[in-house]
Amino acid sequence: MSATRPRPRRLINGVIEDVDASVLKLGPEFDVKQVSHDGEEMPLIALNLSEVRLLMMAAMRQRRREMNGQGGGYDDMEQDDMDVEELLSSNQIVRKTQEYLSIFARFRDEDTVSAVEHILKTPENADLHPFEIAQLGSLSCEDAEEAKTLIPSLANKKSDQELQALLDSLRRYG
């Protein structure tokens, strides 16, 4: 199948949905406006791998603090990381996910992840879909051609020069 041809997705309510990344037809879970369980409309949040890594580490630290009867606050980071590793080893899925994120997350610390998010969410990038933003934050594209091949929907949004400038800005952090 070609990259621009829609592929069958799955059966939903008796209808087979198609996906086509070149036009951001990614399925209902990637609609820009989501409806929450209580019927409220909320914006789509798509995270890059670095953001997921930080959230998982924070959740594991919080769990450790709760298990130790601590209400919060920050302990010694090195000790936190050792305890997080102990917790991770108790759940194989969480451990495997963390190993994956440790390998593939481009940006390591909170300040860098925040700076990258700021770059990707500037007014010049307001036309980018949250999925495109997450992919640009996760993938380590060398040039505009590679980015447009991996994220086909960018072809109609950014010129090669604009996209290359964005990729160069991201590369300074990772």
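In the block above lies the structure referred to throughout.
Below you will find a few notes about this structure. Only a predicted model underlies this, so the values are computations on that prediction, with no experimental measurement involved.

Conventions we followed
Residues numbered from 1 in each chain as written. Predicted model: local features only at pLDDT ≥ 70, side-chain atom pairs only at ≥ 80, totals over all residues. Heavy atoms only, no water. Helix = DSSP H or I, 4+ residues; strand = E, 2+ residues; numbered from the N terminus. Buried < 20%, exposed > 50% of the residue type's maximum accessible area, 1.4 Å probe, protein only. Contact = heavy atoms within 4.5 Å. Areas by Shrake-Rupley, 256 points an atom, 1.4 Å probe, with all protein chains shown as cover. Expected span 1.5 Å × (residues − 1). Polar contact = N/O pair within 3.5 Å; in protein donor to acceptor, adjacent residues only side chain to side chain. Salt bridge = Lys/Arg side-chain N within 4 Å of Asp/Glu carboxyl O. Core = buried A, V, L, I, M, F, W, Y, C linked by side-chain atoms within 4.5 Å. Patch = residues over 30% accessible without salt bridge, like charges linked within 9 Å, V, L, I, M, F, W, Y side chains within 5 Å. Arc of directions from axis to C-beta. Axes fitted to C-alpha atoms, helices over the stretch in contact; angles between N-to-C directions. Parallel < 35°, antiparallel > 145°, perpendicular 65-115°, else oblique. Phe/Tyr/Trp six-rings, centres within 6.5 Å; stacked < 30°, edge-to-face > 60°.

### Looking at the overall build of the protein chain
And step 1. Regarding its fold elements, the protein chain presents 7 helices and 4 strands.
And step 2. Listing the helices and strands of the protein chain from first to last along the sequence gives β-β-β-β-α-α-α-α-α-α-α.
And step 3. Within the span of the protein chain, comprising 174 residues, buried residues form 36% of the whole.
And step 4. If you take every contact in the protein chain between residues at least 6 apart in sequence, the share linking residues at least 24 apart comes to 49%.
And step 5. When the accessible area of the protein chain is evaluated, it comes to approximately 11,100 Å², of which 52% is carbon and sulfur surface.

### With respect to helix H3 (residues 92–104)
And step 1. Taking 1.5 Å per residue as the helical rise, H3 with its 13 residues ought to reach 18 Å, and the 18 Å between its terminal C-alpha atoms agrees with that figure.
And step 2. By the N-cap criterion, in which a side-chain oxygen at the helix start approaches the backbone nitrogen of a residue two or three places on, H3 is capped by Asn91, the distance to Ile93 being 3.0 Å.

### Considerations on the pattern of salt bridges
Two side chains bearing opposite charge may form a pair once their charged atoms approach each other closely.
And step 1. For the structure on display, the rule yields 6 salt bridges.
And step 2. Its salt-bridge partner being Glu99, residue Arg95 comes within 3.1 Å of it at the nearest N-O pair. Pair noted here: Arg95 and Glu99 are both in helix H3, with a separation of 4 residues, about one helical turn.
And step 3. The exposure class assigned to Arg95 is partly exposed, which follows from its relative accessible area of 27%.

### Observations concerning the nonpolar core
And step 1. Judged by nonpolar contacts, the single largest core of 17 residues is most densely connected at Leu120, Leu136, Leu154, Leu163 and Leu166.
And step 2. Contributing elements (two or more residues each) for this core: helix H4 (110–120), helix H5 (130–138), helix H6 (144–150) and helix H7 (160–171).
And step 3. Setting aside its immediate chain neighbours within four residues, Leu120 contacts Asn125, Leu128, Ile133, Leu136, Gly137, Leu166 and Leu170.

### Comments concerning a nonpolar patch on the surface
And step 1. On the surface, Ile45, Leu47 and Leu55 cluster together into a nonpolar patch covering about 310 Å² of accessible area.
And step 2. Mapped onto the fold, Leu47 is located in the loop between strand S4 (41–43) and helix H1 (49–67).
And step 3. A residue is classified by how much of its surface remains accessible, and Leu47, at 39% relative accessible area, is partly exposed.

### What to know about unusual backbone geometry
And step 1. If you check the backbone angles, Leu24 has positive phi at about 60 degrees while not being a glycine.
And step 2. Note on placement: Leu24 falls in the loop between strand S2 (15–19) and strand S3 (33–35).
And step 3. For Leu24, a relative accessible area of 19% corresponds to the buried category.

### Observations concerning H4
And step 1. Of all the residues in H4, the buried ones are Thr112, Val113, Ala115, Val116, Ile119 and Leu120. Projected down its long axis, H4 carries its buried residues within an arc of 160 degrees, all on one side. Turned more than 90 degrees away from the buried face of H4, the exposed residues are Glu110, Asp111 and His118.
And step 2. Its side-chain oxygen placed 3.1 Å from the backbone nitrogen of Asp111, Asp109 serves as the N-cap of H4.

### Quick word on the side chain of Ser138
And step 1. Inspection of the secondary structure puts Ser138 in helix H5.
And step 2. For Ser138, the side chain forms a polar contact with the main-chain nitrogen of Leu49, separated by 2.9 Å.
And step 3. Those residues in contact with Ser138 that lie beyond four places of it in its chain are Asn48, Leu49, Phe104 and Arg106.

### Comments concerning the packing of H4 against H7
And step 1. One can describe the packing of H4 onto H7 by two numbers: an axis separation of 10 Å at closest approach and a directional angle of 170 degrees. On the basis of their axis angle, the class for H4 and H7 is roughly antiparallel. Judged by residue contacts, Val116, Ile119 and Leu120 of H4 engage Leu166, Ser169 and Leu170 from H7.

### A few points about the packing of aromatic side chains
And step 1. Applying the stated criterion across every chain, the model contains 2 aromatic pairs.
And step 2. Here the aromatic rings of Phe30 and Phe131 are separated by 5.3 Å at their centres, their planes lie at 80 degrees, and the arrangement is edge-to-face. Residue Phe30 is located in the loop between S2 and S3, and its partner Phe131 is located in helix H5; the two are separated by 101 residues in the primary sequence.
And step 3. According to the relative accessible area criterion, Phe131 is buried, its value standing at 18%.
And step 4. Note on Tyr100 and Phe104: the rings are 4.7 Å apart at their centroids and 45 degrees apart in plane angle, and the pair reads as tilted. One end of the pair, Tyr100, and the other, Phe104, are both in helix H3, 4 residues apart, so they sit about a helical turn from each other.

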